[in-house]
Amino acid sequence: MSNQLWKGWVIYMVITANLSEEKTTMQMCPSCDATHFCDCSSMNLSTIPSGLTTDITGLNLSYNSIKYVRETDLLVGVNLRVLLLQFNQIWTIDKESFIFLGKLEHLDLSNNKLTHLSPIWFRHLFSLQHLNIQGNLYTTLGENPLFSNLKNLRYLHLGNNNSFSAIRKQDFDGITVLEQLEIDGQRLRQYESGSLITVNSINHIIININDVQVLSVMVEDFIHSVICLELRHIAFNTANESSLLEPMSHSVMEKFVLKNVLFTDASIDKMLNILVHAEQLLELELDNSILQGTGHWHEPIKIKRRSPMEVVTIQRLTIEKFYLFSDLSSLKNLVGNITKITVVNTKVFLVPCNISKHFSSLLYLDLSENLLADPNLEHSSCDGAWPLLQTFNLSQNTLGDLQMTARSLSHLKHLTHLDISRNNFGEIPESCQWPENLKYLNISGTQIPKLTTCIPQTLEVLDVSSNNLDDFRLKLPWLKELYVSKNKLKTLPDVPFIPNLVALRISRNKLTSFSKEEFGSFRKMETLDAGDNNFICSCEFLSFIQYQNGIANVLANWPENYICDSPSSVRGQQVKAARLSLFECHRTLAVSLICILVVLVILLIVILGYKLHVIWYMKMTWAWLQAKRKPKKSHNHDFCYDAFVSYSERDSEWVENLMVQELENAIPPFKLCLHKRDFVPGKWIIDNIIDSIEKSHKTLFVLSEHFVQSEWCKYELEFSHFRLFDEHNDAAILILLEPIQEETIPKRFCKLRKIMNTKTYLEWPLDEGQQQIFWFNLKIALKY
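None of the values given here were measured: they were computed from a predicted structure.

Draft legend 1. Region of the structure containing the sheet that holds strand β31 (residues 672-673). Sheet architecture is open: 5 strands sit in the order β31-β30-β32-β33-β34, paired in parallel fashion. Edge positions in the sheet fall to β31 and β34 (762-763), since each has one partner strand and no second. Two strands pair when backbone bridges link them, and strand β32 (residues 696-703) and strand β33 (residues 732-736) are joined in this way by 5 bridges, in the parallel orientation. In the strand pairing of β33, F701 is matched with L734. Contacts from helix α20 (residues 768-783) reach β30 (641-646), β32, β33 and β34 within the one sheet, and its direction differs from that of β32 by about 145°.

Listed below in structure tokens is the structure:
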């Protein structure tokens, strides 16, 4: 019983895991775009997702781990145009898996593990145009015609390099026209003659096999149908092996491509003799191949007429003993019709003069990425060489003398385009002799620190990118395009030197900005690429570049390549989106306004201070602070004076003639402190006031209209008030000499207002009878 429970639990867990995986797959895929193309590649899927819908037009399931395509997997793919299943682990496909894919145009099953192919798979794929079944494990294409129902098929890739061994006669039945046919068959050893003869037209056939005998039979079948033949990974070691391609001399082939092919002197000699007789062959291409030899061919090439070949392209040709290679004099009769030659990365260090002279039709010559030096170039470009040459590419060689390079080419009257970039010229002379009709010159990446009048004035296009230039002051009146990227220029070139400029590329320099006037001076400018510079996003620059009409149509790579470097507030932002504050944009105006505001505030403070007597209060505060800083005296001390008299100078007659006489002559007499006689000469008047008040038992204030107008009376009143509060005594005695209206008392005499409202004061009577009572009361007040 327990075993049954255990088995049941295991089955449950497996089913749950499968359901979970399917649910996850449905969640992750399809990942579809607006055109309903779903990219589910590289998601480690083991089955085709079940969450597909009928509106899907493309499905990429490549680079997964799918092993099995079931009949039900693609039931909803009725609108599929593209199905990519390459690089999975597919080893079997149900017969009816593609039955509903009638609209499918592109099917890729390459690089899986299919060991056999079934025509039933493709029976309903009436719209299929592109089929790739390369890189699987099948040995043949099957017993029955595989492609008989694929009437629209135009691109077919088949075979593999491990097990595909035979092509039978019926394999291509049903196919009449192909744009491209690729056959991988490094192990192909059997080809039934006539297998490809049913295909009436093949624009481009790629054959990757290493058996020359098999290739020979195949060539017999398509010599009248193939326009471009491309051979890969094959070796022609002997003349006999090359002779097996003899049928090619009668073919309709227009282009012959050889990639990763090995030749010897003997085999290439024979092959060239075959090719020159191919009446329609116009183009020969050789890529990443090896020539084991030195060019010493035993038999001269026999040509009854000039070869029709017009274009020759040789790239990455390895000649192990290239330094022993002969002068190729036997090729003289082959080159007369050639209009375009490309020989790149092949260690060419010399073109013999007698060969150069036979290129009578040559218009385009590319010798880039080779070993040509100035002396050898001078020999190669001898008088009479390349008489019609228009475009010459000498980039990335070992040229080092610009003057010599120019002189070597000066006789080429038809030369209009010259590329000598990525050489090492360094300093250039002041004058050079160039071809008279040169329009395009590329000297980028040649370590030039400064341009001189060596540069020809006939130019319409000049490329001096990736050098060490820090300015451009060269007069080129006909120049239309200038490329100065990756230099050290800080400003745009001056317009008077290049008035007809249409396109300027000045990216990756030290340009910090350009003004509206500079930009506007290029009246014919259509394209300006100034991106990837360290722009100082000033207010003027931003105002111009953000609001100039039509500037976005002129600036290339706008706005993504235009980034602010400063100020720091906008560093890293796109110029288009940068915004500066009002202060940053109008600094002078802002400073002026701040200064005016400060002046107005100061003026306002001065006016308010005057109106509110601030200065007076400050003086008073300072004096009070000075008094407070003095050490306090004991409250139980002997006073020098009975009273300190505070009065206005204008009331001195009453004080001195009446009050002083009355009090100092009284019995007992009162000792009064008067500023006129008792202040210490030379001592600060404030200190005198404070000391006198402190040495006096009482302080008499003789109040009048004159008193409230006196500054010193105010000080005396204040210090007396300080004493009143600091020592908590009743030291002030007020004598009202004349009636004072409260509104006439200045506001700064707030203490006087307060004292008059809180203390009883003595009023001087005008009636002589009442005056004796006044003196009596005053004396009583002084005693207590």
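Picking up where we left off.
Draft legend 2. Here's a closer look at the environment of V312. Relative to the assigned elements, V312 resides in strand β17 (residues 311-315). Distance in space between the C-alpha atoms of V312 and I338 is 7.4 Å, their sequence separation being 26 residues. Leave out the neighbours within four places in its chain, and V312 touches L284, I338, K340, I341 and T342.

Draft legend 3. View of unusual backbone geometry. In this structure, the amide linkage connecting W558 to the following residue, P559, adopts the cis form with an omega of 5°. One can find P559 in the loop between α10 (551-554) and β29 (564-566). Of note, the bond from S566 into P567 is cis; its omega dihedral lies within 30 degrees of zero at 0°. With respect to the element layout, P567 can be found in the loop between β29 and α11 (582-585). Phi angles above zero are rare outside glycine, and W386 is one such case at about 45°.

Draft legend 4. Here's a closer look at the pairing of strand β15 (residues 283-287). β15 sits mainly inside the fold: 4 of its 5 residues count as buried. Two elements, strand β14 (residues 255-264) and β15, share 5 bridges in a ladder whose sense is parallel. Following the sheet pairing, V257 is matched in β15 by E285. Remark: the β14/helix α4 (residues 265-275)/β15 crossover connection has right-handed handedness. As paired elements, β15 and β17 share 5 bridges and run parallel to each other. Following the sheet pairing, L284 is matched in β17 by V312.

Draft legend 5. A look at the state of the cysteines. Taken as a whole and assessed by the stated rule, the structure comprises 4 disulfides. A disulfide bridge connects C353 with C382, and the sulfur atoms are separated by 1.9 Å. Taking the sign of the torsion about the S-S bond as the criterion, the disulfide between C353 and C382, at about 90°, is right-handed. Residue C353 is located in helix α5 (residues 353-356), and its partner C382 is located in the loop between α6 (374-380) and β21 (391-393); the two are separated by 29 residues in the primary sequence. According to the relative accessible area criterion, C353 is buried, its value standing at 15%. Classification of C382 by relative accessible area gives buried; the value is 13%. At a sulfur-sulfur separation of 1.9 Å, the disulfide partner of C537 is C564.

Draft legend 6. Local environment of the pattern of salt bridges. Tallied over the full model, the rule gives 17 salt bridges. Linking E230 and R232 is a salt bridge whose minimum nitrogen-to-oxygen distance equals 2.6 Å.

Draft legend 7. Expanded view of the packing of aromatic side chains. Enumeration according to the criterion identifies 19 aromatic pairs in this entry. Note on F535 and Y562: the rings are 5.9 Å apart at their centroids and 20° apart in plane angle, and the pair reads as stacked. Residue F535 is located in strand β28 (residues 535-536), and its partner Y562 is located in the loop between α10 and β29; the two are separated by 27 residues in the primary sequence. With respect to burial, F535 and Y562 carry one shared label: buried. Taken together through their ring pairs, the aromatic side chains of F514, F519, F535, F541, F544, W558 and Y562 make up a single cluster. For K340, the ring lying beneath its charged end belongs to Y364, and the centroid distance is 5.0 Å.

Draft legend 8. Spatial organisation of the nonpolar core. One finds L158, F256, F392, L462 and F514 to be the most contacted residues of the largest nonpolar core, which totals 169 residues. The dominant element in this core, judged by the number of residues it contributes, is helix α2 (residues 212-222), at 6 residues. Among all residues touching F392, those that are not within four sequence positions of it are L365, L367, L377, W386, L409, L415, H417, L418 and D419. With 23 residues, the next largest nonpolar core counts V645, M659, L700 and L782 among its residues.

Draft legend 9. Looking closely at the pairing of β30. For β30, the tally of buried residues reaches 5 of 6 residues, placing the bulk of the element in the interior. Sheet analysis places β30 next to β32, joined by 5 bridges and oriented parallel. Counted as the bridge partner of V645 is L700 from β32. As judged from the 2 bridges shared by β30 and β31, these two strands associate in the parallel manner. Residue A643 lies in a different strand from β31, and its bridge partner there is L672. As for the winding sense of the linkage, the β-α-β connection from β30 through helix α14 (residues 652-664) to β31 is right-handed.

Rules behind the numbers
Residues numbered from 1 in each chain as written. Predicted model: local features only at pLDDT ≥ 70, side-chain atom pairs only at ≥ 80, totals over all residues. Heavy atoms only, no water. Pairing = 2+ DSSP bridges. Helix = DSSP H or I, 4+ residues; strand = E, 2+ residues; numbered from the N terminus. Contact = heavy atoms within 4.5 Å. Axes fitted to C-alpha atoms, helices over the stretch in contact; angles between N-to-C directions. Buried < 20%, exposed > 50% of the residue type's maximum accessible area, 1.4 Å probe, protein only. Right-handed = clockwise from strand over helix to strand, strands pointing away. Disulfide = S-S within 2.5 Å. Salt bridge = Lys/Arg side-chain N within 4 Å of Asp/Glu carboxyl O. Phe/Tyr/Trp six-rings, centres within 6.5 Å; stacked < 30°, edge-to-face > 60°. Lys NZ or Arg CZ within 6 Å of the ring centre and 35° of its normal. Core = buried A, V, L, I, M, F, W, Y, C linked by side-chain atoms within 4.5 Å.

From the geometry alone we can't say anything about function, so treat these as descriptive.
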